[in-house]
Structures are given as C-alpha cells and as structure tokens.
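# Coordinates in review
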Amino acid sequence: MELIDSHCHLDFPEFSNVDQLWQQCQEHHISQLIIPATEPRQWPKIQALCNKFDGCYWAAGLHPWWVDEENFHTLKKELEQALQDPNCIAIGECGLDGSKGITPLHIEALQWQLQQARERNLPVILHAHKAQQELLPLLKQQQPLCGVVHGFSGSIELAQNYIDQGMLIGIGGSISYPRAQKTRRMASKLQLSKIVLETDAPSMPLFGKQGQSNSPLHLLEIAQCLADLRQQDIHHIAEQSSANSRALFGLK
C-alpha cells in the first residue's frame, strides 16, 4: 500500500529529527510528501529537505497569513529561480483567509500566484478559509487552472464549486471529528477521483489528539477514517488518492 501526503509542513521547527521521521514515514507506507511553502524565506530550507529525501517535493508560494509588501516583492523576484528546481512542482501555499482579514494586497498576491500557475501550467495549492465569496470568482477569472483546496471542511456543494474550477479536494484530519457532520458527509459522497489525502502537519490534529503536534505518520489514520466513512477498503482509498496526487503534481 502506498500513501502520499499532499500537504505537510516538514520544514516547521516542530519536526526536530526529520531523518528519523522520514524513515518512519516509509515504514508507514508514506512514499511521497509535498511541502508547501508559506513565505519565500523558507524556500532554501525546504529545497534542501527535498534534495536530501527522495520522495519529498515542494511548492513555492506565499501564504495569506504572511502577505506583506516585502514578502510579495521577494516572491515576484525569486519565483522563477525556485521553479528551476525539479523538485518544485506547484505554486503555493496561497489563498485567502477571511478570519485574518482580506486586503487589496491579499487579492493582488493571490491573483499574481494564480496567474503564474496558469501561465506555467502548474498546479496551485490553495488555502481557503471563510473566503469563498472572494476566492471562487478569482479562480473563475484565471481559468484554466488545476490544483487542490487543502484542508477542506465544507459541504459537498461547495466542494463541487471548487471542482468545477479545476480543483481537487484535500481531505485531512477534520473528517475524524464526529461533530464535523457536513465535512464527513462530503467525504463519504464526493467522487474519490477528486480527493487527495493530507495531514497539514504539524497543524490540524486528528480527533483525540487535540493540543498535540500533528505528524505525517497520522496519514494512515486519515485514510482509514475515510475508508470507514465511505465503507470502502483502505487499499482502494490509498491507491486512488495516491493516483490523484501523482496525476495532479506530475509525480512518478
């Protein structure tokens, strides 16, 4: 069985022994992992990790929480060089977050990153939180696009709106929470060909692990939870979700 973690911040300081963790990932059937950047100053560290660990890839982008004039200038100046790295396979993590406030600069930064993804025929990794009314029209303006809405927690109708704009749906630990009925229903009904698995580690802990640092090692539990919700075999979940990730990100 093979699993791909389509969204894991392996460069974050919570992961103090990445060598040991990556070895454990292999033992837990996690053969590939994608590290989305949150700001340009992280790019060299992420690039070094991906050069060191075969099966790790990364995305160059600017997360909405870190959008400011300096970071946006650096992003525009250095993206071309970052994308020359064969392990850099996407644009992101980018998007909008209504809980943090959405300014004209946030919109401009996202529009620019979407444009780069479209022009370079690269997938985009989207952060979408309490910003659907602002985000969906921007995606429509930049078609054709492909990518993933990561850490999705919403209805099947909203998921379909994103799918209509070329996005896959990133399923993570939120489906393990019994009270997340809307998200669990979405995960149980959505076509499996539109789903990729992720942990968003060290964030987004699973139910029962609240307050703890999340780990890519929990991807197997997410896959099992999805299998239980869909009443399907976990090997089928792993096979199809991994094929989806490989197709989206151009992985072998």
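The shown structure was predicted, so the numbers you read here are calculated from the model rather than taken from an experiment.

Scoring rules and cut-offs
- Residues numbered from 1 in each chain as written.
- Predicted model: local features only at pLDDT ≥ 70, side-chain atom pairs only at ≥ 80, totals over all residues.
- Heavy atoms only, no water.
- Helix = DSSP H or I, 4+ residues; strand = E, 2+ residues; numbered from the N terminus.
- Contact = heavy atoms within 4.5 Å.
- Areas by Shrake-Rupley, 256 points an atom, 1.4 Å probe, with all protein chains shown as cover.
- Lys, Arg positive; Asp, Glu negative; His and termini not counted.
- Charge placed at Lys NZ, Arg CZ, Asp CG, Glu CD.
- Expected span 1.5 Å × (residues − 1).
- Buried < 20%, exposed > 50% of the residue type's maximum accessible area, 1.4 Å probe, protein only.
- Polar contact = N/O pair within 3.5 Å; in protein donor to acceptor, adjacent residues only side chain to side chain.
- Pairing = 2+ DSSP bridges.
- Axes fitted to C-alpha atoms, helices over the stretch in contact; angles between N-to-C directions.
- Phe/Tyr/Trp six-rings, centres within 6.5 Å; stacked < 30°, edge-to-face > 60°.
- Lys NZ or Arg CZ within 6 Å of the ring centre and 35° of its normal.

### Concerning the overall build of the protein
- Looking only at helices and strands, the protein features nine helices and eight strands.
- Oriented by its inertia axes, the alpha-carbon framework of the protein measures out at about 45 × 40 × 35 Å.
- For the protein, restricting intrachain contacts to residue pairs at least 6 apart in sequence, the fraction spanning at least 24 positions comes to 70%.
- Carbon and sulfur atoms make up 46% of the accessible area of the protein, which totals about 11100 Å².
- Taken as two groups, the 20 positive and 27 negative side-chain charges of the protein have centres that lie 6 Å from each other.

### Some remarks on helix H4 (residues 104-119)
- Taking 1.5 Å of rise per residue, the 16 residues of H4 would be expected to cover 22 Å, and the 22 Å separating its terminal C-alpha atoms lies within 8% of that figure.
- All of the buried residues in H4 are Leu 105, His 106, Ala 109, Leu 110, Trp 112, Gln 113, Leu 114, Gln 116 and Ala 117.
- In this structure, the buried residues of H4 make contact with helix H3 (69-82), strand S4 (88-97), strand S5 (124-129) and helix H5 (132-141).
- One or two steps after H4, the chain reaches Asn 121, where phi turns positive at roughly 55°.

### Some remarks on the side chain of Glu 198
- Considering the arrangement of structural elements, one finds Glu 198 in the loop between strand S8 (195-197) and helix H8 (219-230).
- Within the structure, the side chain of Glu 198 is placed 2.9 Å from the side chain of His 150, a separation counted as a polar contact.
- Each residue touching Glu 198, except ones within four places of it in the same chain, is listed here: Asp 5, Ser 6, His 7, His 150, Gly 151, Gly 170, Ile 171, Gly 172, Gly 173, Met 204, Leu 219 and Ile 222.

### Regarding the sheet that holds S8
- Reading across from one edge, S1-S2-S3-S4-S5-S6-S7-S8 is the order of the eight strands in this open sheet, with parallel pairing throughout. Two strands close off the open sheet at either side, each with one partner strand: strand S1 (3-5) and S8. Geometrically, the sheet is characterised by an average inter-axis angle of 30° between neighbouring strands, direction not taken into account.
- Of the strand pairs in this sheet, S1 and strand S2 (residues 30-36) are connected by three bridges, and their pairing is parallel. Following the sheet pairing, Asp 5 is matched in S2 by Leu 33.
- Sheet strands in contact with helix H1 (residues 18-27) are S2 and strand S3 (56-60), and its direction is about 130° off that of S2.

### Considerations on the side chain of Thr 183
- If you trace the backbone, Thr 183 turns up in helix H7 (residues 181-189).
- With a relative accessible area of 6%, Thr 183 lands in the buried category.
- At a separation of 3.3 Å, a polar atom in the side chain of Thr 183 contacts the main-chain amide nitrogen of Gly 154.
- Not counting residues within four places of it along the chain, the set of residues in contact with Thr 183 comprises Phe 152, Ser 153, Gly 154, Ser 174 and Ile 175.

### Considerations on the environment of Gln 42
- Structurally, Gln 42 is set in the loop between S2 and helix H2 (43-52).
- Overall, the relative accessible area of 13% leaves Gln 42 in the buried class.
- Spatially, the C-alpha atom of Gln 42 lies 21 Å from that of Gln 20, the residues being 22 residues apart in sequence.
- Once you skip the residues sitting within four places of it in the chain, Gln 42 turns out to touch Asp 11, Phe 12 and Ala 37.
- Among the polar contacts listed, one links the side chain of Gln 42 to the side chain of Asp 11, at a separation of 2.7 Å.

### Things to note about the packing of aromatic side chains
- Taken as a whole and assessed by the stated rule, the structure comprises six aromatic pairs.
- Seen from their ring centres, Phe 72 and Trp 112 are 6.3 Å apart, and the 80° between their planes marks the pair as edge-to-face. Taken together, the positions of Phe 72 in helix H3 and Trp 112 in helix H4 put the pair 40 residues apart, joining distant regions of the chain. Trp 112 carries the same exposure label as Phe 72, and that label is buried.
- Arranged with centres 5.6 Å apart and planes meeting at 75°, the rings of Tyr 177 and Phe 207 form a pair that is edge-to-face. In this pair, Tyr 177 is assigned in the loop between strand S7 (167-171) and H7 and Phe 207 in the loop between S8 and H8, connecting sequence segments 30 residues apart.
- Owing to a relative accessible area of 23%, Tyr 177 belongs among the partly exposed residues under this scheme.
- The ring of Trp 65 has Lys 100 sitting right over it, with the charged end atom 4.5 Å from the ring centre.

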